[in-house]
Amino acid sequence: AQSVSQHNHHVILSEAASLELGCNYSYGGTVNLFWYVQYPGQHLQLLLKYFSGDPLVKGIKGFEAEFIKSKFSFNLRKPSVQWSDTAEYFCAVKVDTGKLIFGQGTTLQVKP
Amino acid sequence: DSGVTQTPKHLITATGQRVTLRCSPRSGDLSVYWYQQSLDQGLQFLIQYYNGEERAKGNILERFSAQQFPDLHSELNLSSLELGDSALYFCASSAGRGRNFQETQYFGPGTRLLVL
C-alpha cells in the first residue's frame, strides 16, 4: 500500500538548534517527493521537491532534504532553526495519476 | 500567494445541509485536486479532475461530489452533512495530467467547514 510515515509528531527546539524531520515512504513506482509547510492559519506551501537527479535537494528558507532510495527516506533538515520556522511540516509522495499521499505531519515549535 | 483561490474561507452550517466549495486553479493549470484535512484523518486526497474530466478518486464519500467546469474552476459539493465532515478542505492545482509528469501541486488557502 502507498503510505508516508513521519516519525516525529511534535518537535520542540530552541532557536539556532539543528533540525531533522524523518520521512519514510512506501511506493513502488517512480518517486516524486515533497515537503510542504503549513504556518499557523495558513495554507500549504511548498518547501522543496525531489523528482530525479541529485538526491540532496535545497529548498526555500534554508531547508534541504536528502533522498535515500535504499532506505525509502526523504528527511528534511535545517542547520539552524528560527522562531519563524514554527509550523507544521508535511512529507508527501506523488503517486498514480498525480495525487499526493501525505504523512501525518510534524508540528515544530521553536522557542525564542 | 500560490495563485489558487478558494471560496468561501469559512462556512458554518447544520447537519443535513448541503454546501458548495469553489476553487479556481492557477492560470494555465489543467489539473485540480481536492483534499480534506481533519485532526483524526490528517490530509486525505478526495478527487482529481483534469481538463473537465474526473481523473482519480480517493476516499471520497458518496455524499460528496465534484466537477470541473469549462473555465477550469472546480466545485466540491458536500451533502447530507454530518458533524464528522467538519474539516479544512484544500484545493490544489498543477499544470498537467499528473501521471509521469514532474510537476508540483500548489495549494489554495482552504475552506474551513464547521458542521453544527
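These figures come from a predicted structure and were not determined experimentally. (Residues numbered from 1 in each chain as written. Chains lettered and ligands numbered in written order. Predicted model: local features only at pLDDT ≥ 70, side-chain atom pairs only at ≥ 80, totals over all residues. Heavy atoms only, no water.)

A. Structural view of the overall build of chain B. The helix and strand inventory of chain B stands at zero helices and eleven strands. For 116 residues, the compact-globule estimate of 2.2 N^0.38 gives 13 Å, and the C-alpha radius of gyration of chain B, at 13 Å, lies within 12% of that figure. Oriented by its inertia axes, the alpha-carbon framework of chain B measures out at about 40 × 25 × 25 Å. With an accessible surface of roughly 5700 Å², chain B has 47% of that area assigned to carbon and sulfur atoms. Mean positive and mean negative side-chain charge positions of chain B (10 and 11 charges, respectively) differ by 2 Å. (Helix = DSSP H or I, 4+ residues; strand = E, 2+ residues; numbered from the N terminus. Rg over C-alpha atoms; globule rule 2.2 N^0.38 Å. Areas by Shrake-Rupley, 256 points an atom, 1.4 Å probe, with all protein chains shown as cover. Lys, Arg positive; Asp, Glu negative; His and termini not counted. Charge placed at Lys NZ, Arg CZ, Asp CG, Glu CD.)

B. Seen up close, the interface of chain A and chain B. Across the boundary between the two partners, chain A contributes 18 residues, which contact 23 residues of chain B. A combined buried area of about 1700 Å² lies between chain A and chain B, and 56% of that area is made up of carbon and sulfur atoms. Here chain A and chain B share five residue pairs in polar contact (both at pLDDT 80 or more) between them. Where the side of chain A that touches chain B is concerned, the elements lending two or more residues are strand E5 (32-38), strand E6 (44-50), strand E10 (87-95) and strand E11 (99-102) of chain A. In the side of chain A that touches chain B, the residues fall into eight nonpolar, six polar and four charged. (Contact = heavy atoms within 4.5 Å. Buried area = accessible area lost by both parts, 1.4 Å probe. Polar contact = N/O pair within 3.5 Å; in protein donor to acceptor, adjacent residues only side chain to side chain. Nonpolar A, V, L, I, M, F, W, Y, C, P; charged D, E, K, R; others polar.)

C. Geometry of the side chain of B:Thr111. Secondary-structure assignment places B:Thr111 in strand E11 (residues 111-115). In contact with B:Thr111, not counting residues within four places along its chain, are B:Gln6, B:Thr7, B:Pro8, B:Lys9, B:Leu11, B:Leu21, B:Ala87, B:Leu88 and B:Tyr89.

D. Main features of a nonpolar patch on the surface. Residue and element names in this part refer to chain B. Taken together, the side chains of Ile12, Leu114 and Leu116 make up a nonpolar region of the molecular surface, amounting to roughly 320 Å² of accessible area. Topologically, Leu114 is positioned in strand E11. A residue is classified by how much of its surface remains accessible, and Leu114, at 38% relative accessible area, is partly exposed. (Patch = residues over 30% accessible without salt bridge, like charges linked within 9 Å, V, L, I, M, F, W, Y side chains within 5 Å. Salt bridge = Lys/Arg side-chain N within 4 Å of Asp/Glu carboxyl O. Buried < 20%, exposed > 50% of the residue type's maximum accessible area, 1.4 Å probe, protein only.)

E. The environment of A:Ile68, seen in detail. Residue and element names in this part refer to chain A. For Ile68, the position within the fold is in strand E8 (residues 64-68). Under the relative-accessibility criterion, Ile68 is labelled partly exposed at 26%. Sequence separation between Ile68 and Leu56 is twelve residues; the distance between their C-alpha atoms is 9.0 Å.

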